[in-house]
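Chain and residue survey
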Amino acid sequence: MAIFGAPVAHEDDPERAVRAALAIREELAADGDLEVHIGVTTGEALITLDARIEKGEHTASGDSVNTAARLEAAAPAGSIFVDEATRRATERSIEFDDAPPVVAKGKSDPIRVWDAVRPRTPVAGRRASDTPLVGRERELTLLRGTVDRVQREREPQLLTLVGVPGIGKTRLVSELARDLDRRGDWLWLEGRSLPYGEGATFWAFCEIVRAFTGVLDSDRDERATRKVHDAVAAIVPEPSEVAWLERHLRPLVGIDTDDLGSGDRRGEAFAAWRRLLEALAEEQPLVLVFDDLHWADDALLDFVDHVVDWASGVPILVLATARPDLLDRRPGWGGGRANATAIRLSPLSLEETATLFGALFDESTAPRGVHDDLLERAGGNPFYAEEFARMVLDGLGDGGLPGSVQGLIAARLDGLALDEKELLQNAAVVGRVFWTGPLGDDRPRLDEALHALARREFVRRERRSSIAGETEYSFRHTLIRDVAYEQIPKARRAEKHLAAAGWIESLSRREDYAEMLSWHYLRAVEYAGADGVVSEELVERIVRALRDAGDRALSLHAYPLAAGFYERAIALQPDGAPGPGRELLLALGDALARAGDQERARETFLTAAELARRSGSAEHLARAALGYGGRFVWSRAWGDPHLVPLLEEAWRCRAIRTRPARPPVGPAGRGPVAGHASNRAARGDERRGVANGAATGRPRRAGVRARGPALREHGPANGRSAPGDRR
Ligand SMILES: Nc1ncnc2c1ncn2[C@@H]1O[C@H](COP(=O)(O)OP(=O)(O)OP(=O)(O)O)[C@@H](O)[C@H]1O
Ligand SMILES: [Mg+2]
């Protein structure tokens with residue numbers, strides 16, 4: 001078994017796997033002795049990096065591993081069966097034939113499979129889509145302006161387009177190519193660096209030389225040698241110079257490769273190659289494109305630098321595209337020289353992304369309501385937008401993350417140093433927006449590390465922080481946060497969320513962050529899993545955080561949200577917890593009533609009344625009765641079977657001493673119903689109105705009752721302070 005993507009993910013792991021399978025088949029076919037059956041699947045697996053295979057331990061386990069074994073068993077000799085996820089990830093660069101579905105043990109449905117036939121392109125690459133170009137007018141204008149300037153001034157220029165994967169660098173280059181193609185007066189030569197690392201020295205430049213000399217992969221040495229000679233002789237008149245150039249070009253097309261500009265001969269090779277480019281540009285203005293320069297080897301970067309620095313008196317535009325990592329490797333790239341510029345591509349605006357989605361979905365296929373959510377998740381990245389659209393159009397729903405996007409981001413994260421990656425993961429636990437506080441104590445070091453991550457466009461430092469004394473950062477893209485978070489083993493998430501919660505608890509105004517706090521606590525409980533022990537104290541904290549979050553939402557008039565918080569808090573209450581449960585139920589009833597969900601509000605008040613009855617709390621009974629009656633009093637629905645008995649009952653136990661006040665009492669025509677104010681203080685006022693004159697209870701310290709006579713607490717005196725007091 002071969003595993004691609006572990007321990008380090010690449011954005012094209014599925015493609016690498018299928019290409020490897022094709023290469024294996026080809027090699028074995030050449031030998032002719034062995035039959036080969038191959039199965040390839042793509043998905044999540046649990047990887048054990050230090051598994052002792054000789055002791056029968058597995059390096060990988062999971063459903064995709066089992067499925068791969070089934071496909072391999074089902075594949076006829078010489079076939080490479082792949083599953084749907086693999087086909088989707090690779091269909092743009094690999095050709096497949098249909099194959100009959102495979103019925104496998106342990107699977108209810110047959111597995112859909114395809115048979116890999118051959119690669120469509122010799123090396124991996126993203127095929128550009130044909131959706132119309134959206135936005136980017138300014139960038140194109142700048143590109144065209146540079147072209148004109150190079151032609152006019154006849155001096156080399158370096159222009160580097162920098163941006164995160166999928167933002168549209170290559171697309172812009174091809175827009176310019178189309179322009180110049182129409183004009184017809186420029187020579188366009190392009191090469192691309194590959195992500196396969198060493199061993200592909202000068203690869204992109206090799207492609208350029210091949211393109212110009214017309215040498216093909218399949219050419220034998222003599223033929224290639226002749227092509228190089230002819231191409232050079234056509235542009236350089238001097239025979240001795242032709243011979244010199246040929247000698248230095250041959251290694252680039254795969255002949256005499258020992259000479260490939262190594263060691264002290266490099267200076268001479270650079271001079272020869274540059275001379276060739278100058279000779280070309282003398283005939284016709286030249287655009288040299290270096291795509292994906294972030295993957296280039298140092299030698300190639302040096303050469304590009306050399307050309308821009310040394311060539312003179314000729315119109316050469318060196319156009320490069322690179323992800324921000326390049327600037328990490330070469331901080332001075334594209335700067336510090338008069339003839340070099342870098343353009344940073346930022347995400348498309350919301351409107352532009354919407355236009356792009358409009359083009360991707362023709363209106364009849366766009367599922368209703370899909371746009372808004374996708375718009376947000378695409379975050380202005382055209383590649384993400386395309387992949388999300390493809391997922392929806394293929395009928396795979398709109399909830400997930402396309403494998404291609406996940407792979408792309410995972411590969412970016414895996415390209416980071418281990419401590420940087422861990423820092424991002426910890427930040428991802430805090431959220432899309434995060435602060436340095438929960439990430440560690442060594443502030444200067446943290447700031448430095450985050451600054452480096454900001455340069456590589458993973459995060460952004462915000463100018464203002466919403467937490468005093470804390471530097472605020474945010475992930476540049478939600479999906480980066482999501483994927484970083486997903487990479488944290490589930491077992492470790494709980495402790496990380498607890499740490500984040502602990503940090504929030506330590507803030508001076510923690511109530512303001514109650515929502516965030518409860519979120520962390522809930523995640524912690526979720527990931528603590530079945531065997532994770534959740535202490536009583538923790539539950540108490542969570543309930544408190546949820547209640548605070550509910551109160552906060554209520555005060556901001558976000559009633560359904562508030563109801564949600566209270567509901568979750570109630571669900572966490574241990575059975576039979578007396579005080580807080582009643583308070584929460586009353587708060588929930590109130591929030592539901594305000595949210596307009598009268599039916600559930602009444603149900604909740606009835607439950608609250610029942611609980612109050614059982615624990616003998618007259619105060620709560622009264623509040624439940626009034627809550628229940630509140631809206632009814634207005635609609636005069638006296639026929640309700642519960643209303644009158646409930647009010648009577650409350651009255652009997654003297655929780656309500658006065659006649660229910662005549663509505664309307666409060667401002668804005670509010671009725672005499674408990675808990676109708678938008679903040680606690682006001683709520684206290686209203687309750688005072690309700691419980692007018694019932695001041696026989698013990699003195700209260702704070703909260704709703706602090707501002708007026710309190711409701712009497714009947715029943716078995718429970719030596720504890722009332723829950724409301726704790727607020
Ligand atoms: N402005 C745009 N309007 C419409 N489609 C776009 C635009 N920009 C990019 N695209 C499309 O989005 C996809 C990704 O763009 P592109 O390949 O140029 O990204 P990139 O920045 O080169 O990414 P990488 O760093 O991975 O090479 C392509 O299919 C491209 O056609
Ligand atoms: Mg590109």
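Small disclaimer: the values here were computed from a predicted structure and weren't measured.

Let us look at the overall build of the protein chain. Looking only at helices and strands, one finds 28 helices and 14 strands in the protein chain. Scored against the burial criterion, the 727 residues of the protein chain give a buried share of 48%. Taking as baseline every contact in the protein chain between residues at least 6 positions apart, the subset at least 24 positions apart corresponds to 67%. Summing over all exposed atoms, the protein chain offers an accessible surface of approximately 35500 Å²; the carbon and sulfur share of this is 51%.

A separate point is the pattern of salt bridges. For the coordinates displayed, the defined rule picks out 53 salt bridges. Between Glu610 and Arg613 there is a salt bridge, with its nearest N and O atoms 2.8 Å apart. Taken together, the positions of Glu610 and Arg613, both in helix α24 (residues 598-615) and three residues apart, correspond to about one turn of that helix. Judged by its relative accessible area of 33%, Glu610 falls in the partly exposed class. By relative accessible area, Arg613 is classed as partly exposed at 36%.

In the region of ligand 1, 21 residues are neighbours, and Gly166, Lys169, Thr170, Arg171 and Arg323 sit closest. Measuring from an oxygen atom of ligand 1, one finds a backbone N or O atom of Ile167 at 3.3 Å. At 3.4 Å from an oxygen atom of ligand 1 is found a side-chain nitrogen or oxygen belonging to Asp292. The protein chains hide 96% of the 630 Å² of surface that ligand 1 would expose on its own.

Our focus in this paragraph is the confidence of the model for the protein chain. Looking at the protein chain as a whole, the pLDDT averages 80, with 82% of positions reaching at least 70. Per-residue pLDDT stays below 50 along residues 663-727; that stretch engages in 121 contacts with residues further than four places along the chain or on separate chains.

Residue placement: Lys496 occurs in helix α19 (residues 490-505). The buried charged residue Lys496 lacks any salt bridge partner; its closest oppositely charged side chain belongs to Glu422, at an N-O distance of 5.0 Å. Here Lys496 is in contact with Asn426, Val429 and Ile488, once residues within four sequence places are set aside.

The next thing to look at is the sheet that holds strand β7 (residues 157-162). In space, the five strands of this open sheet follow the order β8-β9-β10-β7-β11, with parallel pairing throughout. If you trace the sheet from one side to the other, it starts and ends with β8 (187-192) and β11 (340-344), each paired once. Ignoring strand direction, the axes of neighbouring strands in this sheet form an average angle of 15 degrees. Relative to β11, β7 is paired through five bridges, and the arrangement is parallel. Of the residues in β11, the one forming a bridge with Thr160 is Ala342. Packed onto the sheet, helix α5 (residues 169-183) meets β7, β8, β9 (286-291) and β10 (316-322) and runs at close to 155 degrees relative to β10. Across the face of the sheet, helix α10 (residues 298-310) comes into contact with β7, β9 and β10 while running at roughly 150 degrees to β10.

Quick look at helix α9 (residues 266-283) now. Here α9 is 18 residues long and its end C-alpha atoms lie 26 Å apart, about the 26 Å a rise of 1.5 Å per residue gives. Looking at α9, one finds that the buried residues are Ala269, Phe270, Ala272, Trp273, Arg274, Leu276, Leu277, Glu278, Ala279, Leu280 and Ala281.

On to the sheet that holds strand β5 (residues 94-102). Judged by pairing direction, the sheet is mixed, and its four strands sit side by side in the order β1-β4-β6-β5 without closing on themselves. At either end of the open sheet lies a strand with only one pairing partner, and these are β1 (38-40) and β5. Each neighbouring strand pair of the sheet contributes to a mean axis angle of 35 degrees, computed without reference to strand direction. Of the strands in this sheet, β1, β4 (80-82), β5 and β6 (111-119) are in contact with helix α1 (residues 13-31), which crosses β6 at around 65 degrees. The sheet contacts of helix α2 (residues 63-74) involve β1, β4, β5 and β6, and relative to β1 the element is tilted by about 150 degrees.

Another aspect to go through is α2. The first and last C-alpha atoms of α2 sit 16 Å apart over twelve residues, in line with the 16 Å expected at 1.5 Å per residue. Along α2, the residues classified as buried are Ser64, Val65, Thr67, Ala68 and Leu71. Along the long axis of α2, the arc covered by the buried residues comes to 160 degrees, so they all point the same way. Those residues of α2 hidden inside the fold are in contact with β1, β3 (60-61), β4, β5 and β6.

All right, on to a nonpolar patch on the surface then. A contiguous nonpolar patch, built from Met1, Ile3, Ile47 and Leu49 and spanning about 420 Å² of accessible area, is present on the exposed surface. You can see Ile47 is positioned in strand β2 (residues 46-47). Residue classification places Ile47 among the partly exposed positions, given a relative accessible area of 30%.

Moving on, we get to the packing of aromatic side chains. This structure, assessed with the given rule, holds twelve aromatic pairs. Arranged with centres 5.8 Å apart and planes meeting at 15 degrees, the rings of Phe434 and Tyr473 form a pair that is stacked. Of this pair, Phe434 sits in strand β12 (residues 433-435) while Tyr473 sits in strand β14 (residues 472-475), and the two are 39 residues apart along the sequence. By relative accessible area, Phe434 is classed as buried at 0%. Accessibility expressed as a relative area gives 2% for Tyr473, which makes it buried. An aromatic cluster is built from Phe202, Phe205, Phe270, Trp273 and Phe303, whose rings are joined through pairwise contacts.

As a packed pair, helix α8 (residues 239-249) and α9 sit with axes 9 Å apart at the nearest point and diverge in direction by 115 degrees. When the interaxial angle is binned, α8 and α9 end up roughly perpendicular. As for the relative orientation of α8 and α9, their crossing is left-handed in sense. Contact with α8, carried on its side by Glu241, Trp244, Leu245, Arg247, His248 and Leu249, involves Glu268, Ala269, Ala271, Ala272, Trp273, Arg275 and Leu276 of α9 and no other residues of that element. Residues that form the contact of α8 with α9 fall into these classes: eight nonpolar, one polar and four charged.

Between Ala6 and the following residue, Pro7, the backbone shows a cis peptide bond with an omega angle of 5 degrees. When you line up the elements, Pro7 lands in the segment before α1. At Arg136, a position not held by glycine, the phi torsion is positive, near 65 degrees. The topology assignment puts Arg136 in the loop between β6 and α4 (137-153). With relative accessibility at 9%, the residue Arg136 sits in the buried group. The backbone of Phe202 shows a phi angle near 60 degrees, a positive value even though the residue is not glycine. If you trace the backbone, Phe202 turns up in the loop between β8 and α6 (203-213).

Criteria and thresholds
Residues numbered from 1 in each chain as written. Chains lettered and ligands numbered in written order. Predicted model: local features only at pLDDT ≥ 70, side-chain atom pairs only at ≥ 80, totals over all residues. Heavy atoms only, no water. Helix = DSSP H or I, 4+ residues; strand = E, 2+ residues; numbered from the N terminus. Buried < 20%, exposed > 50% of the residue type's maximum accessible area, 1.4 Å probe, protein only. Contact = heavy atoms within 4.5 Å. Areas by Shrake-Rupley, 256 points an atom, 1.4 Å probe, with all protein chains shown as cover. Salt bridge = Lys/Arg side-chain N within 4 Å of Asp/Glu carboxyl O. Near = heavy atom within 4 Å. Polar contact = N/O pair within 3.5 Å; in protein donor to acceptor, adjacent residues only side chain to side chain. pLDDT = per-residue confidence, 0-100. Lys, Arg positive; Asp, Glu negative; His and termini not counted. Pairing = 2+ DSSP bridges. Axes fitted to C-alpha atoms, helices over the stretch in contact; angles between N-to-C directions. Expected span 1.5 Å × (residues − 1). Arc of directions from axis to C-beta. Patch = residues over 30% accessible without salt bridge, like charges linked within 9 Å, V, L, I, M, F, W, Y side chains within 5 Å. Phe/Tyr/Trp six-rings, centres within 6.5 Å; stacked < 30°, edge-to-face > 60°. Parallel < 35°, antiparallel > 145°, perpendicular 65-115°, else oblique. Left-handed = near helix turned anticlockwise from the far one by under 90°. Nonpolar A, V, L, I, M, F, W, Y, C, P; charged D, E, K, R; others polar.

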